[in-house]
Amino acid sequence: FVSGEYRRNIYLTVKEALHNVVKHARAHNVHLVIETVGALTIIIQDDGIGLDEKNIRRFSNGLDNMKKRISSIGGELRIQNINGTTIAFSVPLP
């Protein structure tokens, strides 16, 4: 059993990550990996133009919101820019 808050935070984080790919990445491919060994790990990787975290629009909250959501349920979110963008997060399973 997982709480509604847990499900909501996972759903909104994945939704935001995929929205960013569609809206900003100019990607041709997206790979989604979901693992449930010891923890719930989700990896979203695109082959787009990458993400420059230092040049994000002033009132854009998407990345910060994703980090806060995952942190609030005890997880960790990482963003990596190598041949596109990879967003990976892991949260403990109850």
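What counts as what
Residue numbers restart at each chain and count upward from 1, following the sequence in its written direction. The predicted origin of the model limits local features to residues at a pLDDT of at least 70 and limits the giving and counting of side-chain atom pairs to 80 or more, whereas totals for whole chains, interfaces and linings rest on all residues. Remark: hydrogens and water are excluded; side-chain values derive from all non-hydrogen atoms of the structure. Helix and strand labels come from DSSP, where a helix needs a run of H or I of at least four residues and a strand needs a run of E of at least two; each type is numbered from the N terminus. Expected helix span is given by 1.5 Å per residue-to-residue step, counting one fewer step than there are residues. In this scheme, a residue with accessible area under 20% of its type's maximum is buried, one over 50% is exposed, and one in between is partly exposed, where area comes from a 1.4 Å probe on protein chains only. The contact criterion used throughout is that any non-hydrogen atoms of two residues lie within 4.5 Å. Within this scheme, the nonpolar core is defined by two criteria: the residues are buried Ala, Val, Leu, Ile, Met, Phe, Trp, Tyr or Cys, and they are joined through side-chain atoms within 4.5 Å.

Student: Can you help me understand helix α1 (residues 4–25) in this one?
Tutor: Every α-helical turn comprises 3.6 residues, leaving residues that sit three or four positions apart pointing alike. Helix length check: α1 (22 residues) gives 30 Å between terminal C-alpha atoms against 32 Å at 1.5 Å per residue, within 8%. Residues Tyr-6, Asn-9, Ile-10, Leu-12, Thr-13, Val-14, Ala-17, Asn-20, Val-21 and Ala-25 constitute the buried set of α1. Its buried side turned inward, α1 meets β1 (30–35), β2 (39–46), α2 (62–72), β3 (76–81) and β4 (85–92).

Student: I would appreciate a short explanation of the nonpolar core in the present structure.
Tutor: Generally speaking, nonpolar side chains in soluble globular proteins are found buried as a group. Ranked by internal contacts, the top residues of the largest apolar core, which has 16 residues, are Ile-10, Ile-42, Leu-77, Phe-89 and Val-91. Breaking this core down by element, the ones donating at least two residues are α1, β2, α2, β3 and β4. At 4 residues, the largest contribution of residues to this core is made by α1. Those residues within four positions of Val-91 in sequence are excluded, and the remaining contacts are Tyr-6, Ile-10, Ala-39, Leu-40, Ile-70, Ile-73 and Gly-75.

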